[in-house]
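Spelled out from the first residue to the last, the chains are:
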Amino acid sequence: MSVLNLSLNLFLVVFVFISISAPKALSWSKEGHVLTCRIAQSLLEPGPAEVVHNLLPDYVDGDLSALCTWPDQIRHWYKYRWTSNLHFIDTPDNACTFDYSRDCHDPKGLKDMCVAGAIRNFTSQLMHYRDDNLTESLLFLSHFMGDIHQPLHVGFTSDEGGNTIQLRWFRHKSNLHHVWDREIILTALTDYYNKNMDALQEDIHNNFTSGIWSEDISSWGDCDDLFSCPNKYAAESINLACKWGYKGVTQGETLSDDYFNSRLPIVTRRIAQGGVRLSMILNRVFGDHNQEIPRPT
């Protein structure tokens, strides 16, 4: 058994134990990432779909979404602690812009340590087979493509992407980042979908295939340079964070129907865009390789 497969199997055991023994803490890192990966996998061409299937461990039965939360679960493990700063981008307060050279670094100033840099890195690793752990590279890329499309993952430095803005979401305590990570999606699932994520996924899929986003989808995958396009996705997110995330929100207030109803379309559209763009990257990276990459052992 490879070290990678051992790590992933250990993760599965720990994840199942946590799921049984602790209250569920659902977030964009579950529902949002699962939806993003499901959408992406449904749009893969046959060759890339086979490559992805071959890179996944047997126990997930070819389902990429089953491991799209893995980078969140292991980010505090000693081996992977270096990845903690790759899940987000801190930008100057109220600038509402993203600049790679200015913003993509960790708190110590180490360059390329942000979610846009991570997407560049893991895309390159997959494209050039530069890393023995190609399965890890696939999982990191798939996860970070979800993160970069969550607007508050590209937020203001002083409030840590809305994490320090405490408020109430309807009747319970939360914070602004958590609202975008978790609350909006869970409220939609409860209010409109009887907690059925398949139904939410079907609605999102219909919206970009034949519904309200169908005229825009052709532009979502436009990308002349796979290594610069993450800058575009990050710029979109901070723009949305300013216009829809932070706007009108004050410390300690209660957010409810008005905020939820106006922001839900933003959240679902970003999930769709993340999925479409992830499929675009994987189709291009794996398009010429078909079944050349062996299954992990």
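Residues numbered from 1 in each chain as written. Predicted model: local features only at pLDDT ≥ 70, side-chain atom pairs only at ≥ 80, totals over all residues. Heavy atoms only, no water.

What to know about the nonpolar core
Soluble globular proteins: nonpolar side chains tend toward being buried together. Formed by 85 residues in total, the largest nonpolar core has its most connected members in Leu141, Leu176, Trp180, Ile184, Ile204, Tyr259 and Leu282. The greatest single-element share of this core, amounting to 14 residues, is contributed by helix H12 (residues 257-286). Not counting residues within four places of it along the chain, the set of residues in contact with isoleucine 184 comprises Trp169, Val179, Tyr259, Phe260, Arg263, Leu264 and Val267. (Core = buried A, V, L, I, M, F, W, Y, C linked by side-chain atoms within 4.5 Å. Buried < 20%, exposed > 50% of the residue type's maximum accessible area, 1.4 Å probe, protein only. Helix = DSSP H or I, 4+ residues; strand = E, 2+ residues; numbered from the N terminus. Contact = heavy atoms within 4.5 Å.)

A closer look at the state of the cysteines
Scanning the model with the defined rule gives 4 disulfides in all. What pairs with cysteine 37 in a disulfide is cysteine 68, and their sulfur atoms sit 1.8 Å apart. Here cysteine 37 and cysteine 68 share a disulfide; its torsion about the S-S bond, -100°, makes the bridge left-handed. Of the two residues, cysteine 37 sits in helix H2 (residues 31-42) while cysteine 68 sits in the loop between helix H3 (46-55) and helix H4 (70-73), which places them 31 residues apart along the sequence. (Disulfide = S-S within 2.5 Å.)

Concerning the sheet that holds strand S5 (residues 254-255)
Read across the open sheet, the 3 strands follow the order S4-S3-S5; overall the sheet is mixed. Looking at the sheet topology across the chains shown, the edges are occupied by strand S4 (172-175) and S5. In terms of strand pairing, strand S3 (residues 166-169) meets S4 through 4 bridges, oriented antiparallel. Among the inter-strand pairings, glutamine 166 is bridged to a residue of S4, identified as asparagine 175. Its contacts with the sheet put helix H8 (residues 176-192) on S3, S4 and S5, and the angle it makes with S4 is roughly 125°. (Pairing = 2+ DSSP bridges. Axes fitted to C-alpha atoms, helices over the stretch in contact; angles between N-to-C directions.)

A few points about the packing of helix H7 (residues 134-147) against H12
Describing two packed helices takes the angle between their axes plus the distance from one axis to the other. Across the interface, H7 lies against H12 with an axial gap of 9 Å and an inter-helix angle of 150°. The hand of the H7/H12 crossing is right-handed. Note on element contacts: H12 touches H7 through Gly274, Arg277, Leu278, Ile281 and Leu282, opposite Leu138, Leu141, Ser142 and Met145. Of the residues assigned to the contact of H7 with H12, the class counts are 6 nonpolar, 2 polar and 1 charged. (Left-handed = near helix turned anticlockwise from the far one by under 90°. Nonpolar A, V, L, I, M, F, W, Y, C, P; charged D, E, K, R; others polar.)

Description of the packing of helix H9 (residues 197-209) against H12
Put simply, H9 and H12 touch, their axes get as near as 10 Å, and they point 75° apart. Taken together, H9 and H12 sit at an angle that is classed as roughly perpendicular. Judged by residue contacts, Leu200, Ile204 and Phe208 of H9 engage Thr268, Ile271, Ala272 and Val276 from H12. Here the contact of H9 with H12 is built from residues that sort into 6 nonpolar, 1 polar and no charged. (Parallel < 35°, antiparallel > 145°, perpendicular 65-115°, else oblique.)

A few points about H12
With 30 residues, H12 should reach 44 Å at 1.5 Å per residue; the first-to-last C-alpha distance of 43 Å fits that figure. Roughly 35° is the biggest bend found in H12, and it falls at arginine 263, with proline proline 265 one to four residues downstream. With respect to burial, H12 is a largely interior element, 23 of its 30 residues being buried. (Expected span 1.5 Å × (residues − 1). Bend = angle between axes of the 7 residues up to and from the residue.)

Looking at the environment of histidine 87
Structurally, the position occupied by histidine 87 is in the loop between H4 and strand S1 (89-91). Residue histidine 87 is classed as buried on the basis of its relative accessible area, which comes to 1%. C-alpha separation for the pair histidine 87 and alanine 116, spaced 29 residues apart in sequence, amounts to 8.8 Å. Once residues within four sequence positions are removed from consideration, histidine 87 is found in contact with Pro71, Asp72, Arg75, Val115, His143, Phe144, Asp147 and His153.

Digging into the side chain of arginine 270
With respect to the helices, strands and loops of the structure, arginine 270 is situated in helix H12. Judged by relative accessible area, which is 2%, arginine 270 ranks as buried. A polar contact is formed between the side chain of arginine 270 and the side chain of glutamate 236, at a distance of 2.7 Å. (Polar contact = N/O pair within 3.5 Å; in protein donor to acceptor, adjacent residues only side chain to side chain.)

Remarks on H9
Taking 1.5 Å per residue as the helical rise, H9 with its 13 residues ought to reach 18 Å, and the 18 Å between its terminal C-alpha atoms agrees with that figure. Looking at the buried positions of H9, the neighbouring elements they touch are H2, H8, helix H10 (217-220) and H12.

Here we look at the environment of proline 46
Tracing the chain through its elements places proline 46 in helix H3. What makes proline 46 exposed here is its relative accessible area of 70%. When the C-alpha atoms of proline 46 and asparagine 283 are compared, they prove to be 9.1 Å apart, with 237 residues separating the residues in sequence.

A short note on the pattern of salt bridges
This model, assessed by the stated rule, comprises 6 salt bridges. One salt bridge in this structure joins glutamate 236 and arginine 270, with 2.7 Å as the shortest N-O distance. Placement of glutamate 236 in helix H11 (residues 229-246) and of arginine 270 in helix H12 is noted, with a sequence separation of 34 residues between them. Residues joined in a network through salt bridges with shared partners are Glu236, Arg270 and Arg277. (Salt bridge = Lys/Arg side-chain N within 4 Å of Asp/Glu carboxyl O.)

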